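Take a look at the letters that make up each chain.
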Amino acid sequence: MTATAPGPDAGAPLLDVAGVGKSFPGVRALREASLALRPGRVHALVGENGAGKSTLIKVITGVYRPDSGRITLAGNEVSFDTPLDAQHAGISTIYQEVNLVPLMSVARNLFLGREPRRFGLVDVRAMNAKAAEILADYGVDIGVSGVARPLGSLGLGAQQMVAIARAIQLAARVVIMDEPTSSLERREVLTLFGVIRRLREAGIAVLYVSHRLDELYTICDDVTVLRDGAVVHTGELAELDRLRLVSLMLGRDMSQLRREGVTAFGEHDADEDVEPVLTAENLTIRPKLHGVSLKIRPGEVLGLGGLLGSGRSETAKAIAGGLKRDSGTVTVGGKRLRRGTSAEAVRAGVVMLPEDRKAEGLIPSLSVRQNIVLAALPRLSRFGLVSTTKQDEIVDYFVDRLKIKAASPDQKVSELSGGNQQKVLLARWLCLHPKVLLLDEPTRGIDVGAKAEVQKLIDEFAEEGLGVLLISSELEELIEGSDRVLVLRDGIAVAELTGAQVSEPELLRALASEPTAGIDGENADD
Amino acid sequence: MTSEVVAASGVDRARLLAWLRDYGVYAAIVLLVVVATSLHPAFLSVGNLRVQAFQLVPTLFVSLGMALVIATEGVDLSVGAVIALAASLIPLYLGYNAWIAIALCVVGGAIAGTVSGLMVAVAKVQPIVATLALMIGLRGVAVIFNGNQAKPVNDPVLGAIGLNSVGGVPIVVIAAVVVVLIVLFVVRRTTFGRQLVAVGDNRAASALAGLPVRRVLLTVYIVSGVLAALAGVLLVGHGAEADPATQGLNIELAAITAVVVGGTPLTGGRIRVLGTVAGALFMQLLSATLIQHDVPNSYAQMAEAVIICLAVYAARDRSGR
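Throughout this document, residue positions are counted from 1 along each chain, in the order its sequence is written. Naming scheme: in the order in which they are written, chains are lettered from A and ligands are numbered from 1. For a predicted model such as this one, the threshold for reporting local features is a pLDDT of at least 70, and the threshold for listing and counting side-chain atom pairs is 80 or more; totals across whole chains, interfaces and linings nevertheless cover every residue.

Trainee: What is the right way to read the overall build of chain B from this model?
Mentor: Secondary structure follows DSSP: runs of H or I at least 4 residues long count as helices, runs of E at least 2 residues long count as strands, and numbering of each begins at the N terminus. Within chain B, the secondary structure is distributed over 13 helices and four strands. Atoms counted for the radius of gyration: C-alpha only. Globule rule: 2.2 Å times residue count to the power 0.38. Against the compact-globule benchmark of 20 Å for 321 residues, chain B has a radius of gyration of 20 Å, which places it among compact chains. By its C-alpha atoms, chain B is 75 × 55 × 35 Å across when sized along the principal axes. Counting other C-beta atoms within 10 Å of a residue's C-beta gives its exposure: the residue is buried at 20 or more, exposed at 12 or fewer, and partly exposed in between, where C-beta atoms are placed from the backbone. Each of the 321 residues in chain B was classed as buried or not, and the buried ones make up 47%. It is the C-beta atoms, placed from the backbone, that decide contacts: two residues are in contact if theirs lie within 7 Å. Long-range pairs, those at least 24 residues apart, make up 77% of the contacts in chain B with a sequence separation of at least 6.

Structural data, given as structure tokens:
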């Protein structure tokens, strides 16, 4: 643990979280986590999925009660029972999703619970005038008539701004922002940064959570890095270069060498001269994905690297039709996919194993057998009648080949273990003889044995000539499983690693790279 | 009581509820028939059974369509209004030919189903809202078509369909058996049957699996509309009267009840065709028995409410979430 002395302009901490622990059944979400927010400083809180950021915020804002540790606000020990208590004490939180009332007017939302009154009634005129004035400061210039309209009529970015304005108006001493920019456009991000700078000048302590390194280095003074529920670093951000920061988040020491054979992947080479089976160009889904292009050759595993929120899943979904593309083209075997629907992609042989098996993959009430043949039904049917013989042949083959462990193919799929459920979904796609397999976190949440099996299967299918896109947050899996790795950052492809470059140090370097003028255009720095 | 006993009884309770959900409605029918017959031996007489059948079949048609819609996590409140539409179309076109009038009723039902289907599948309106709009609007249209009054319908073809028997079995019963068999076949053996359940259980996953989600949704509402129109034809034929203001009134609620009592959950992803038949039959026999024994209507309604609550309780999702 590296503790740096506070900077010259930092006073005593305004909010001091000391040694907080929090456990849930089966998980220790926070272990002895400490965090000190100083007035007039913007403090970055970073960490990957499951690092404990949300739990820490919820402990501070009174959603959870800590199992151990102390929280002091301006020198007094506090213990909040509800988020409202925390709010009254001057801790305002802005969540990732806007949580206001979309059907009420903008002004009402801004003043909810503290409306200006006249003769005991809400003074609508004064409220609207004041709201228009306040919001203009936040770059939401909609005038008095605009603030009288329902909040839901504004764009998502403007709604987020209203939420931020509201939080700050609540006479906050501490403002917590949980990924405030995830739904904002570039211009709105700059406005937000202006607001944050004003908060800093006003002596308010800001806790800023984001995965976007550029933003952190633009606006934050201090940083705390969480990993597996514990603080692994805290100190001034300027003293920590990007590469160190990424290494800390991912738990990788740069001096540590890549360990061979941790995963079940073998080595295979795709022929460089072979025509790509899938070409995607300029995929754009605003505001998450900006012009990502990629090619996958038959027999090749293309890895998609990036931190959380970098646009990996969005890229896969844009290709498979799971999300509507704003622009960009997908070509499979020389044919353009024009409609951009899942049905069209599946017909063309492009299939996706979604990250969220339960929500986007399984049909829980159907049996293993019915789940496997779900997508293949039209091919197993004549005149709309399902051929049981063909169906059973296919099911038997894949249950055997993928070693799906079920009491019988007629068992409900919801009763299987995570690993076997994942294999059922793989079987669903493989029985279509696809050309391209898009795998979004194929081994997340499944046990070690099943994980090795799935990894081996991915290898086998690539050997058989399938093009594979592999998304994984596990560095070993990504490095050892992929022939090439495309690295995404903030929805932009920033690097492509080929051959010997497919290694952990290179990947970390790409993840931490500075934005280049050619790709990112404007830099947010003033 | 030791903890083991408690645990065992917990398992037994879950098993009992599962059994109730799957077979409770059949057991209830047997029980009801035994009780009703012992109180009143004429309950099982041919005459009484015929009366019950004529009342049951239109509701059964509507219930089967409703079951398909509910399996996709939807609901079709417009079925009663579609019956009214059919009742208003028959007198208008009976002058040409009874079969033409019937065909036009089917077309009308299909159009109504297409409208709600498009609202649900394409415009993504909630099924309850989409079909509620149609339920209100369509009956108004039907009453206007019919000149705001009940009209006598004395047509030999319609009368025969509504009243006659072949070999002692009413034609409506034969029609019902045919429709049940068709729906059963579609649900159990066809691609569409599979897709229907998949769409109702997990729409996002079905869409990502490349299933024709919109087509499935549109189809169930069209089928529901057509079955309701046919129910309307039977009602008009049997009653020898077309009265859009009252015919099919509240039948959507009877149909939903039949589906739920039959073990199809309102949350979709599961459909029980024979259960729906049994549900409709049970509700019909229950109200008939209570009426035969001069139980006031208000008490009969309370009894029905208890049955619905029991059915919903037994069918509750117990997957542990």
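There is more to say, and it comes next.
Trainee: Can you walk me through the overall build of chain A in this structure?
Mentor: The number of helices and strands found in chain A is 20 helices and 24 strands. Here the C-alpha radius of gyration of chain A, 26 Å, is about what a compact globule of 526 residues would show, namely 24 Å. Counting only C-alpha atoms and orienting by the principal axes, one finds that chain A spans roughly 80 × 55 × 50 Å. Of all 526 residues assigned to chain A, the portion counted as buried reaches 48%.

Trainee: What am I meant to see in the interface of chain A and chain B here?
Mentor: Interface size is commonly expressed as the accessible area that is lost once the parts come together. Facing the 26 residues of chain A at the interface are 19 residues of chain B. Secondary structure elements with two or more residues in the side of chain A that touches chain B: helix H11 (342-348), helix H12 (357-360), helix H14 (377-380) and strand E20 (385-386) of chain A. Of the residues that constitute the side of chain A that touches chain B, the class distribution is 15 nonpolar, eight polar and three charged. Think of it as three bins: nonpolar holds Ala, Val, Leu, Ile, Met, Phe, Trp, Tyr, Cys and Pro, charged holds Asp, Glu, Lys and Arg, and polar takes everything else, Gly as well.

Trainee: Before we go on, may I ask you to explain unusual backbone geometry in this structure?
Mentor: Among all residues save glycine, negative phi is the norm, and among peptide bonds the norm is trans. Its identity as a non-glycine residue notwithstanding, His 433 of chain A has a phi of 50°, on the positive side. The residue Ala 240 of chain B is not glycine, and still its phi comes out positive at about 55°. The residue Ala 240 of chain B is located in the loop between helix H10 (213-239) and strand E4 (241-242) in this model. Judged by C-beta crowding, with 14 C-beta atoms within 10 Å, Ala 240 of chain B ranks as partly exposed.

Trainee: Quick question: what am I supposed to make of the sheet that holds strand E9 (residues 174-178) of chain A here?
Mentor: By definition, the strands of a sheet pair up through backbone hydrogen bonds, in either a parallel or an antiparallel sense. Residue and element names in this part refer to chain A. If DSSP finds at least two bridges between two strands, the strands pair. Taking strand neighbours across the sheet as the criterion, the six strands line up as E6-E9-E10-E3-E11-E12 in an open arrangement whose pairing is mixed. Two strands in the sheet have a free side with no partner beyond their single neighbour: strand E6 (91-94) and strand E12 (230-236). Taken pair by pair, the neighbouring strands of this sheet meet at an average axis angle of 15°, ignoring direction. Where E9 meets strand E10 (residues 205-209), five bridges bridge the pair, whose relative direction is parallel. When the sheet's bridge partners are listed, Met 177 is paired in E10 with Tyr 208. Packed onto the sheet, helix H6 (residues 156-169) meets E6 and E9 and runs at close to 175° relative to E6. Here helix H9 (residues 242-250) sits on the sheet in contact with strand E3 (42-46), strand E11 (222-227) and E12, set at roughly 30° to E11. Inter-axis angles, ranging from 0 to 180 degrees, are taken between N-to-C directions of lines fitted to C-alpha atoms, where helices are fitted over the stretch in contact.

Trainee: How do you make sense of the sheet that holds strand E5 (residues 76-78) of chain A when you look at a structure like this?
Mentor: All names here are of chain A. Spatial ordering of the open sheet is given by E2-E1-E4-E5, a layout of four strands whose pairing is antiparallel. Whereas interior strands pair on both sides, the edge strands pair on one side only; in this sheet they are strand E2 (27-37) and E5. Sheet twist, expressed as the average angle between the axes of neighbouring strands with direction ignored, equals 30°. Along the sheet, helix H1 (residues 53-60) makes contact with strand E1 (15-24), E2 and strand E4 (68-73), crossing E2 at roughly 65°.

Trainee: Which parts of the structure should I look at to understand the packing of helix H4 (residues 98-121) of chain B against H10 of chain B?
Mentor: The description of two helices packed together rests on the angle between their axes and the distance between the axes. Running from N to C, H4 of chain B and H10 of chain B point in directions that differ by 145°, and their axes come no closer than 7 Å. Where H4 of chain B crosses over H10 of chain B, the handedness of that crossing is right-handed. Handedness of a helix crossing follows the sense of rotation of the near helix relative to the far helix, less than a right angle counterclockwise being left-handed and clockwise being right-handed.

Trainee: What am I meant to see in the environment of Arg 139 of chain B here?
Mentor: All names here are of chain B. Of note, Arg 139 is situated in helix H5 (residues 127-145). Considering only alpha carbons, one finds Arg 139 and Val 306, 167 residues apart in sequence, at a separation of 30 Å. The contacts of Arg 139, once residues within four sequence positions are left out, are Ala 81, Ala 84 and Pro 244.

Trainee: Would you take a moment to explain the nonpolar core for this structure?
Mentor: As a rule of thumb, nonpolar side chains are buried together in soluble globular proteins. Each nonpolar core reported here comprises buried Ala, Val, Leu, Ile, Met, Phe, Trp, Tyr and Cys residues connected via C-beta atoms within 7 Å. Counting 247 residues, the largest nonpolar core has Leu 438 and Val 468 of chain A as the members making the most contacts within it. With sequence-adjacent residues up to four places away left out, Val 468 of chain A is seen in contact with Val 301, Leu 302, Leu 437, Leu 439, Ile 458, Phe 461 and Ala 462 of chain A.

Trainee: Looking at this structure, I do not really get the packing of helix H6 (residues 156-163) of chain B against H10 of chain B. What am I missing?
Mentor: All names here are of chain B. Look at H6 against H10: their axes get within 7 Å of each other, and the N-to-C directions meet at 100°. Compared by their axis directions, H6 and H10 come out roughly perpendicular. Listed contacts from H10 to Leu 158, Gly 159, Ile 161, Gly 162 and Leu 163 of H6 are Leu 234, Val 236, Gly 237 and His 238. Per-class residue counts for the contact of H6 with H10 are five nonpolar, four polar and no charged. Between 65 and 115 degrees an angle is taken as roughly perpendicular, under 35 as roughly parallel, over 145 as roughly antiparallel, and anywhere else as oblique.

Trainee: I tried to follow the confidence of the model for chain A on my own but got confused; where do I start?
Mentor: The predicted structure's coordinates, where accompanied by low pLDDT, should not be read in detail. All names here are of chain A. Here chain A shows a mean pLDDT of 84. Residues at 70 or above account for 90%. Across residues 255-261, confidence stays below pLDDT 50; counting only partners more than four residues off in sequence or on other chains, it has three contacts. For every residue, the pLDDT score states the predictor's confidence, bounded by 0 at the bottom and 100 at the top. Below pLDDT 50 for its whole length, residues 517-526 participates in 11 contacts with residues either more than four positions away or in separate chains.

Trainee: Is there a simple way to think about helix H7 (residues 186-201) of chain A in this case?
Mentor: At 3.6 residues per turn, the α-helix brings residues three or four places apart onto the same side. All names here are of chain A. Helix span, as expected, comes to 1.5 Å for every residue beyond the first. Over its 16 residues, H7 extends 23 Å from the first C-alpha to the last, a length consistent with the 22 Å expected when each residue adds 1.5 Å. For H7, the complete set of buried residues consists of Glu 188, Val 189, Leu 192 and Ile 196. Seen end-on, H7 carries its buried residues on one side only, within an arc spanning 100°. Every exposed residue of H7 that faces more than 90 degrees away from the buried side is listed here: Arg 187 and Glu 201. Once H7 ends, the next one or two residues include Gly 203, with phi positive near 80°. It is the directions from the helix axis to the C-beta atoms whose arc is reported.

Trainee: Is there a simple way to think about helix H2 (residues 46-71) of chain B in this case?
Mentor: Residue and element names in this part refer to chain B. Taking 1.5 Å per residue, 26 residues should reach 38 Å; H2 reaches 35 Å between its end C-alpha atoms and fits that length. Throughout, bend refers to the angle between the axes fitted to the seven residues that end at a position and the seven residues that start at it. At Leu 56, H2 is bent by approximately 35°, the largest bend along its length, and proline Pro 58 sits one to four residues beyond. Backbone geometry just after H2 places Glu 73 at a positive phi near 70°.

Trainee: Is there a simple way to think about the pairing of strand E18 (residues 350-353) of chain A in this case?
Mentor: For a regular strand, side-chain orientation follows a simple rule: the groups alternate between the two sheet faces. All names here are of chain A. The side-chain alternation of E18 yields two buried faces, one formed by Val 350 and Met 352 and the other by Val 351 and Leu 353. Here E18 runs beside strand E21 (residues 436-440); their pairing, made up of four bridges, is parallel. By the bridge assignment, Met 352 is partnered in E21 with Leu 438.

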